[in-house]
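# Residue-level structure breakdown
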Amino acid sequence: MKRRTYYLFKLKGLAPLMLILLITGCSEDILDVKPLNGYSELDVFEDAALLQNYVNGSYRALRTPLRDENTFTDGLTDNAYNQHGSADGQIRRYTSGEVDRENGEAITFGLWAHCYSYIRNANLFFEKIEGSSIPAEELDVMEGEMRFLRAYNYFELFKYYGGVPLISETFELGQESYEVTRGTIDETVDFILNDIDLAISLLPSKSELPAGKASMEAAMALKGRLLLYAASPLYNANGDQEKWEAARDANKAVMDLTSVTLADFGNWESMFLGNTDEEVIFRRQYTPKNDQGWGVNVWLFPNGKSGWSNTTPTQDLVDSFELVSGELPSESATYDSQDPYVDRDPRFYETIVYNTAPFQDGTYDPYVDKDDPSNSELAGIDSRVSPASPHNASRTGYTFKKWANDNLAWDAGNTGPYIFYRKTEAYLNYAEAQIELNNELEARNAINEIRNRAGMPDISTSGQALLEDYRNERRVEFVLEDHRFFDIRRWMIGPETMSAPKMGVDVLKTGDSTFEYDYDLTADSNIFWDDKMYLLPIPFSEIQRSNNSLEQNPGY
């Protein structure tokens, strides 16, 4: 059967084009384009400037975790706890194992419809540029952008659902059938890979493009991530080693790029605030005219600084940051749980806000008085009994520093970047592939380059210990970068990581500057794993509309 979908129909006339032309894209120049009115379909596909605006509008497909209060996927994992707003209806539906065919799209924030709407835009573009009079040198770059964007959308679907319907054309209303079938895992990967390879061949280097535009390097990074996922246990049940070889080679190509360099660790924080382009392969840079809305400072700042503490680190994440000796706290004879934040991995201090950590013009103070814990006058301004919006206090005793700009007010840090791809990922992706191919020396070299950049010592482990070291390295490096949720699932380690309560720390002040740390604070005890959650359910309404030709994922 020819694969089709039932809602990617072709509307006649102006309407679908105007929806795109009224939406703008990603860089400051793209975002600040003025709305267009009164253009026909023919006008758009025969005019380079109008068609470029159509392409720019399609960058709205690239959703970021900065767009809403609970959209960091770390909250779906052992990395973070979420509160307020959508936390109950979306985050905790997943972490408590209550996912079903009716609520899955609440957890993905409507991903299925979102991605397929932009896939339709790309398909319309490919159909309408056939025979266009726009010069080939202009049209080719735009086609490269749309190939990248369609690949990105299909990869988003693949990450959540596995094999999906592969739609490469638009459809008329009133067609005889809207029945669809899903592509297999391999068919879906091959389809995406074809678009990516075309994008690589058509797109210029990032140095030739404004910020936020798809480039050759961005397409290469997307390829590296796609092939890593495709080789992973969730999508590679037979352990096909050729898939790991493909992942290795694609990520090595990104490592070898001379147009992008690894950032010095001194610029690590600046990278996440948008003050340097070092290491960044592809990002969205928000602007005053197209900002994050409320913004990441609201979501991450502590209550004492008027933030909402929506997403906060768990104690398990804090404990995954090694000491500078290279030992985990649980393995070190010198670690002191009552002086827990000294001599930690330098990335810890750039990621986590902990008791007495510098923050804005003061410190983060989540403590309460040990002898009178309900006394707000004796408690820290960031505590759960603080007079400063205690309902917004962290429920774990920590907040996040990464992405938050404490040089600005709580309601002003909403024009920073979101980084989709940076060069470090290629090093760690490459290391993972080499581990799976039993090339441990090459894997350690790649991991150690990233560790050494942060001032951490080499690892020298092998076998299962090397795999665990690698996975922990990836965890601490990519906090709040939309990796942990997908890593847990593609590695199929849900029972090991998502069965224990989410814990934090109570900080008890015992003197002028002395504290006790009580690690029995439970932020969420209702954590349950079900293996069906390795994949999310296909929206049930879509299955009904397909006359049940669209097969549901197991367990739903």
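I will try to describe carefully the structure that is included in this document. The structure presented is a predicted model; accordingly, all values stated were derived computationally and were not measured. (Residues numbered from 1 in each chain as written. Predicted model: local features only at pLDDT ≥ 70, side-chain atom pairs only at ≥ 80, totals over all residues. Heavy atoms only, no water.)

## Structural notes on empty space enclosed by the protein
Summed over the entire model, instances satisfying the criterion amount to 5 cavities of 30 Å³ or more. Of the voids in this model, the largest cavity is the one considered here, and its volume is about 320 Å³. Contributing to the lining of the largest cavity are 28 residues, with Arg63, Arg67, Glu156, Tyr160 and Asp482 lying nearest its centre. Among the elements of the structure, helix H7 (111–128), helix H8 (136–161) and strand S11 (417–422) are those that each provide at least two residues to the lining of the largest cavity. With 5 residues, H8 is the single largest residue contributor to the lining of the largest cavity. Of the residues that constitute the lining of the largest cavity, the class distribution is 16 nonpolar, 6 polar and 6 charged. (1 Å grid on protein atoms, 1.4 Å probe; cavity = no way out; pocket = protein on both sides within 12 Å on 5 of 7 lines; lining within 4 Å. Points joined across faces, edges and corners; volume = space filled by probe spheres on them. Helix = DSSP H or I, 4+ residues; strand = E, 2+ residues; numbered from the N terminus. Nonpolar A, V, L, I, M, F, W, Y, C, P; charged D, E, K, R; others polar.)

## Thoughts on the layout of surface pockets
Taken as a whole, the largest pocket spans an internal volume of roughly 560 Å³. Forming the walls of the largest pocket are 26 residues, and the residues nearest its centre are Leu328, Glu331, Glu468, Asp469 and Asn472. Secondary structure elements with two or more residues in the lining of the largest pocket: helix H18 (463–477), helix H19 (484–491) and helix H20 (494–497). For the lining of the largest pocket, the element with the most residues is H18, which contributes 6 residues.

## Section: the sheet that holds strand S13 (residues 515–524)
Spatial ordering of the open sheet is given by S9-S12-S13, a layout of 3 strands whose pairing is mixed. Sheet topology places strand S9 (368–369) and S13 at the edges, where each strand pairs with a single neighbour. Pairing geometry for S9 and strand S12 (residues 502–509), over 2 bridges, is parallel. Note that in S12 the partner of aspartate 369 across the bridge is lysine 509. (Pairing = 2+ DSSP bridges.)

## Thoughts on unusual backbone geometry
Of note in the backbone geometry, serine 309 takes a positive phi value of approximately 50 degrees without being a glycine. Of note in this structure, methionine 492 is not a glycine but carries a positive phi near 60 degrees.

## Focus: the environment of serine 117
By secondary structure assignment, the location of serine 117 is in helix H7. Expressed as a C-alpha distance, the spacing of serine 117 and serine 58, which sit 59 residues apart in the sequence, is 9.9 Å.

## Things to note about the environment of isoleucine 352
Structurally, isoleucine 352 is set in strand S6 (residues 352–353). Residue class for isoleucine 352 comes out buried when judged on its relative accessible area of 1%. Between the C-alpha atoms of isoleucine 352 and threonine 363, which are 11 residues apart in sequence, the distance is 13 Å. Among residues more than four places away in sequence, those in contact with isoleucine 352 are Pro313, Leu317, Val318, Phe321, Tyr398, Thr399, Phe400 and Lys401. (Buried < 20%, exposed > 50% of the residue type's maximum accessible area, 1.4 Å probe, protein only. Contact = heavy atoms within 4.5 Å.)

## As for the pattern of salt bridges
Applying the stated criterion across every chain, the model contains 38 salt bridges. The residue glutamate 473 makes a salt bridge to arginine 451 at a minimum N-O spacing of 3.0 Å. On the criterion of sequence distance, the pair formed by glutamate 473 in helix H18 and arginine 451 in helix H17 (residues 440–453) is long-range, its members being 22 residues apart. Each of the two residues, glutamate 473 as well as arginine 451, counts as buried. Because the salt bridges share partners, they merge into one network encompassing Glu279, Glu322, Asp345, Arg347, Lys402, Arg422, Arg451, Arg453, Glu473, Glu477 and Glu481. (Salt bridge = Lys/Arg side-chain N within 4 Å of Asp/Glu carboxyl O.)

## Things to note about the environment of leucine 521
Relative to the helices and strands, leucine 521 resides in strand S13. Excluding residues that lie within four positions of it along the chain, leucine 521 makes contacts with Arg384, Arg395, Thr396, Gly397, Lys502, Met503, Gly504, Val505 and Asp506.

## Things to note about the side chain of glutamate 473
A residue is classified by how much of its surface remains accessible, and glutamate 473, at 2% relative accessible area, is buried. If near-sequence neighbours (up to four positions away) are discounted, glutamate 473 is found in contact with Arg347, Leu428, Ile447, Ile450 and Arg451.

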